[in-house]
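Examination of the molecular architecture
So the chains spell out like this:
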Amino acid sequence: MKKFKQVIVVNELLKLPRGKLAAQVAHASVACLLVAGRDDIQAWLNDGMPKVVLAGSDEADVISCYEKARANNVPAELIRDAGRTVIASGTITCVGIGPAAEEDIDKITAELKLVK
């Protein structure tokens, strides 16, 4: 039986304050949920909504994950900041990937480390 998860890859070069980082990760999680397929959403809900937050080294890493996900038909959404607090408007802070089958997401993000 396939396991499902969601992964958020954050732009660690930005060194976002913890609260800002949490808000950006939440944006990515919700944005991806809204574009995922109904069956994948249900499978993810049934699995307990597992999420993993991984560190991209910079904006290029985040965009690369987004492009790989899209190329493999895995739901993905880039998150750009609105610019109301600590970073400029339009800055790419993270990408949400999934919910989707764990094996499909791992093909995209397996090399990345957990956010510390």
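About the criteria used
Residues numbered from 1 in each chain as written. Predicted model: local features only at pLDDT ≥ 70, side-chain atom pairs only at ≥ 80, totals over all residues. Heavy atoms only, no water. Helix = DSSP H or I, 4+ residues; strand = E, 2+ residues; numbered from the N terminus. Rg over C-alpha atoms; globule rule 2.2 N^0.38 Å. Contact = heavy atoms within 4.5 Å. Areas by Shrake-Rupley, 256 points an atom, 1.4 Å probe, with all protein chains shown as cover. 1 Å grid on protein atoms, 1.4 Å probe; cavity = no way out; pocket = protein on both sides within 12 Å on 5 of 7 lines; lining within 4 Å. Points joined across faces, edges and corners; volume = space filled by probe spheres on them. Nonpolar A, V, L, I, M, F, W, Y, C, P; charged D, E, K, R; others polar. Expected span 1.5 Å × (residues − 1). Polar contact = N/O pair within 3.5 Å; in protein donor to acceptor, adjacent residues only side chain to side chain. Disulfide = S-S within 2.5 Å. Buried < 20%, exposed > 50% of the residue type's maximum accessible area, 1.4 Å probe, protein only. Salt bridge = Lys/Arg side-chain N within 4 Å of Asp/Glu carboxyl O.

Summing up its helical and strand segments, the chain has 4 helices and 5 strands in all. When the elements of the chain are put in sequence order from the N terminus, they spell out β-α-α-β-α-β-β-α-β. The C-alpha atoms of the chain give a radius of gyration of 13 Å, which matches the 13 Å a tight globule of 116 residues would have. Taken along its principal axes, the extent of the C-alpha atoms in the chain is 40 × 25 × 25 Å. Residue pairs in contact within the chain that sit at least 24 positions apart in sequence constitute 75% of those at least 6 positions apart. Of the roughly 6700 Å² of accessible surface on the chain, 52% is carried by carbon and sulfur atoms.

If a probe the size of a water molecule is rolled over the atoms, the empty space left behind becomes visible. When its volume is computed, the largest pocket comes out at roughly 170 Å³. Along its surface, the largest pocket is lined by Val-10, Asn-11, Glu-12, Lys-15, Leu-16, Arg-18, Leu-21, Val-115 and Lys-116. A per-class count over the lining of the largest pocket returns 4 nonpolar, 1 polar and 4 charged.

Look at helix 3 (residues 59-71): 18 Å from first C-alpha to last across 13 residues, which is about the 18 Å you get at 1.5 Å a residue. On the buried face of helix 3, the contacting elements are strand 1 (4-11), strand 3 (76-80), strand 4 (92-101) and helix 4 (102-109). With a side-chain oxygen lying 3.2 Å from the backbone nitrogen of Ala-60, the N-terminal cap of helix 3 falls on Asp-58. Remark: Asn-73 follows helix 3 within two positions and exhibits a positive phi of approximately 60 degrees.

All right, on to the state of the cysteines then. With the rule as written, the count across this model stands at 0 disulfides. There is no disulfide at Cys-32, and the cysteine sulfur nearest it, in Cys-94, is 8.9 Å away. Judged by relative accessible area, Cys-94 falls into the buried class, the value being 0%.

Before going further, it helps to examine the pattern of salt bridges. Here the structure, examined in full by the defined rule, presents 3 salt bridges. Salt-bridge contacts for Lys-20 lead to Asp-81; the nearest nitrogen and oxygen are separated by 2.6 Å. In this pair, Lys-20 sits in helix 1 (residues 18-35) while Asp-81 sits in the loop between strand 3 and strand 4, placing the two residues 61 residues apart along the sequence. Just as Lys-20 is buried, Asp-81 falls in that class too.

Moving on, we get to the environment of Ala-69. Inspection of the secondary structure assignment puts Ala-69 in helix 3. Exposure remark for Ala-69: the relative accessible area of 0% places this residue in the buried category. Not counting residues up to four positions away in its chain, the partners in contact with Ala-69 are Val-74, Ala-76, Ile-97 and Ile-108.

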